[in-house]
Amino acid sequence: MGSLELAPLQLQADDPLLLVGALVLVVAVATVWSMVEIVDAYDRGALTILGEYRKLLEPGLNIVPPFVSRVYTFDMRTQTIDVPSQEAITRDNSPVTADAVVYIRVMDARRAFLEVDDYQRAVSNLAQTTLRAVIGDMELDDTLSRREMINERIRQELDEPTDEWGIRVESVEVREVTPSQGVKGAMEEQTSAERRRRAMILEAQGERRSAVEQAEGDKQSNIIRAQGEKQSQILEAQGDAISTVLRARSAESMGERAVIDKGMETLSEIGQGESTTFVLPQELTSLVGRYGKHLSGSDVEEDGTDLESLEFDEETRELIGLDDIADIIGEIGEEAEMDVEAMEQEAQEIQEGEDMPSDSGETIDIAETRQASDDNEGD
């Protein structure tokens, strides 16, 4: 029983048709698999048949000849290539180290496939040599401060050869330019010296501004002080003039009264004598008449009972100079107001930058006022 059951199974395993069928199935699956080529949306495929370039495969499902075809894909997106750090010497013999980043895009997959082997490595090597050449043609200060110019020059240098490869250089960015340690130390010392110089300049400017403001304040203070002194001198001169006039008028009045009093005493002495004929000077009779007229119109009533204060008549006011004193005081007040206005005008002109007037004019005015007062007192 056991041998009879194993025999059919062995016959099935040794059946050549079954083996051929399985082999054909495997070959068919492999053939279909090799005929189908799927290209991504951001790629392009370069198709070669037996090593010969045929065409570019578009994104999607593509049917290619099986077993003899080969597809090379190219990424059509912007790609980033790091440029390793490069040591270079600037035009002024300063060693620096620089690195950069290059952004490229495949514009023609056919040329990128046929014209260059490994376009990314080719662009990286070309960018390294170009970076050293551009930095070597510039001075150290320019390499540190003019990054945009370096980027633009490298991009222009890479444009022409990469166009032949079907590659476009979109931009180049220099990430860092580092001077050597010795140059860096010298630059730090230079920067420190520059900062100290600026600090000294700012300090000097501050001191100068402070001195100017202090001088301006002193100038204004001197102007105000001079104005005060001038006004004080004017007021003092006006007071002296008024005092002198009053003293002169009072002395004149008192002199006439003394003459009258003395004359009355003389008349009294004469009246006590035995003679009945008297000779009086005309001046004495005139003064006595004026004095008597004043007494007759004074505050003594005829009946001698009431006393009232009477105003001075015109002749008496002229005698003691009351009207003249009021006029003089009014004129002096007007002159004082005019002098104050002139003084304010002069102060305004001084503040606007004009030269201060000399003090000789003020001194002469005060001296003339005092001289006039002295002359009045002497008269």
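Higher on the page you've got the structure.
What you see as residue numbers is a count from 1 along each chain, following the sequence as written. Local features in this predicted model are restricted to residues whose pLDDT is 70 or higher, and side-chain atom pairs enter the listing and the counts only when it is 80 or higher, whereas totals over whole chains, interfaces and linings include all residues. Hydrogens and water molecules were not included; the side-chain quantities draw on all heavy atoms of the structure.

**Student:** What am I meant to see in a negative patch on the surface here?
**Tutor:** The grouping of E115, E157, E160, D163 and E164 at the surface amounts to a negative patch. Assessed through its relative accessible area of 47%, E157 is described here as partly exposed. A patch consists of residues exposed above 30% relative accessible area that lack any salt bridge, with like charges linked at up to 9 Å and nonpolar side chains (Val, Leu, Ile, Met, Phe, Trp, Tyr) linked at up to 5 Å. With residues, only the protein chains shown are counted as cover, and all accessible areas are computed by Shrake-Rupley using a 1.4 Å probe. Between Lys or Arg on one side and Asp or Glu on the other, a salt bridge is scored when a side-chain nitrogen of the former is within 4 Å of a carboxyl oxygen of the latter. The positive count covers Lys and Arg only, the negative count covers Asp and Glu only, and His and the chain ends enter neither. Note on charges: their place is set at NZ of Lys, CZ of Arg, CG of Asp or CD of Glu. With a 1.4 Å probe rolled over the protein chains alone, any residue whose accessible area is under 20% of its type maximum counts as buried; one over 50% counts as exposed, and the rest are partly exposed.

**Student:** Mind showing me how you'd approach the sheet that holds strand β5 (residues 69-75) here?
**Tutor:** Hydrogen bonds along the backbone pair up the strands of a sheet, which may run parallel or antiparallel. The pairing criterion is simple: DSSP has to find at least two bridges between the two strands. Numbering of helices and strands runs from the N terminus; a helix is a DSSP stretch of H or I covering at least four residues, while a strand is a stretch of E covering at least two. Taken in spatial order, the 3 strands of this open sheet run β3-β2-β5, and their pairing is antiparallel. Two strands in the sheet have a free side with no partner beyond their single neighbour: β3 (52-57) and β5. Direction aside, neighbouring strands of the sheet carry axes that sit 25° apart on average. Inspection of the sheet shows strand β2 (residues 43-49) paired to β5 by 7 bridges, in the antiparallel sense. What sits directly across from T48, in β5, is R70. As a rule, the C-alpha atoms of each element are fitted with a line to give its axis, helices using only the stretch in contact, and angles between N-to-C directions run from 0 to 180 degrees.

**Student:** Could you clarify how one ought to interpret the pairing of strand β7 (residues 95-106) in this entry?
**Tutor:** The side chains of a regular strand alternate between both faces of the sheet. In this structure, strand β6 (residues 79-89) lies alongside β7, joined through 9 bridges in antiparallel fashion. Residue pairing for β7: I89 is matched across the bridge by P95. In sequence, β6 turns back onto β7 through a hairpin of 5 residues, with N93 there showing a positive phi of about 60°. Bridge analysis of β7 against strand β8 (residues 167-179) gives 11 bridges, and the strand direction is antiparallel. Bridge assignment links V102 to a residue of β8, and that residue is V172.

**Student:** What exactly am I supposed to notice about helix α6 (residues 147-164) here?
**Tutor:** Taking 1.5 Å of rise per residue, the 18 residues of α6 would be expected to cover 26 Å, and the 27 Å separating its terminal C-alpha atoms lies within 8% of that figure. Here the bend at each residue means the angle between axes fitted to two seven-residue stretches, the one ending at that residue and the one beginning there. Roughly 30° is the biggest bend found in α6, and it falls at L158, with proline P161 one to four residues downstream. Looking only at α6, the buried set comprises I150, N151, I154, L158, D159 and T162. Where α6 is buried, its residues meet β7, α4 (119-136), α5 (140-145) and β8. Just downstream of α6 lies G166, where phi reads positive at about 75°. Expected span, for any helix, means 1.5 Å times one less than how many residues it has. The contact criterion used throughout is that any non-hydrogen atoms of two residues lie within 4.5 Å.

**Student:** When you look at the environment of E58 in this model, what are you seeing that I'm missing?
**Tutor:** Looking at the element boundaries, E58 is found in the loop between β3 and β4 (60-63). As for E58 and Y42, which are separated by 16 residues in sequence, their C-alpha atoms are 9.6 Å apart. In contact with E58, not counting residues within four places along its chain, are V39 and R44.

**Student:** Is there a simple way to explain the pattern of salt bridges in this structure?
**Tutor:** Any two side chains of opposite charge can pair, given that their charged atoms come close. Per the counting criterion, the structure on display carries 14 salt bridges. The salt bridge partner of E152 is R155, with a shortest N-O separation of 2.8 Å. Residue E152 and its partner R155 are located together in helix α6, separated by 3 residues, close to a single helical turn. The partly exposed category is assigned to E152, whose relative accessible area is 34%. A salt bridge links D159 to R155; the nearest nitrogen and oxygen atoms lie 3.0 Å apart. Of this pair, D159 and R155 both sit in helix α6, separated by 4 residues, roughly a single helical turn. R155 gets classed as partly exposed once you look at its relative accessible area, which sits at 23%. One network of salt bridges, in which partners are shared, links D82, D99 and R175.

**Student:** Explain the packing of aromatic side chains to me, please; I cannot follow it from the model alone.
**Tutor:** Aromatic ring pairs: the centre-centre distance and the angle between the two ring planes describe each pair. Centre distance within 6.5 Å is the pairing criterion for rings of Phe, Tyr and Trp, where only the six-membered ring of Trp is used; planes under 30 degrees apart are then read as stacked, over 60 as edge-to-face, and the remainder as tilted. The final tally for this structure, using the stated rule, is 4 aromatic pairs. Where Y53 meets F113, the ring centres are 6.1 Å apart and the plane angle is 35°; that geometry is what we call tilted. Here the residue Y53 occupies a position in strand β3, and F113 occupies one in helix α3 (residues 109-114), the gap between them amounting to 60 residues. For F113, a relative accessible area of 22% corresponds to the partly exposed category. A centroid spacing of 4.9 Å and a plane angle of 35° characterise the contact between Y72 and F113, whose relative ring orientation is tilted. Of this pair, Y72 sits in strand β5 while F113 sits in helix α3, and the two are 41 residues apart along the sequence. A relative accessible area of 29% places Y72 in the partly exposed class. Among the aromatic side chains, those forming a connected cluster through ring pairs are Y53, Y72, F74, F113 and Y119. Just above the ring of Y42 sits the side chain of R77; from NZ or CZ to the centre is 3.9 Å. Two conditions define a charge sitting above a ring: the NZ of Lys or the CZ of Arg must be within 6 Å of the ring centre, and it must be within 35 degrees of the ring normal.

**Student:** Is there a simple way to explain the environment of V177 in this structure?
**Tutor:** By the secondary structure assignment, V177 is in strand β8. Assessed through its relative accessible area of 6%, V177 is described here as buried. Between the C-alpha atom of V177 and that of A100, which follows or precedes it by 77 residues, the distance is 9.2 Å. In contact with V177, other than residues within four places in its own chain, are V96, T97, A98, T143, L144 and R147.

**Student:** Could you clarify how one ought to interpret the sheet that holds β8 in this entry?
**Tutor:** Read across the open sheet, the 3 strands follow the order β6-β7-β8; overall the sheet is antiparallel. Each having just a single partner strand, β6 and β8 make up the two edges of the open sheet. For this sheet the average axis-to-axis angle between neighbouring strands, irrespective of direction, equals 20°. Where α4 meets the sheet, its contacts fall on β6, β7 and β8, and the angle it forms with β6 comes to roughly 35°. Along the sheet, α6 contacts β7 and β8; its crossing angle with β8, the most-contacted strand, is approximately 140°.

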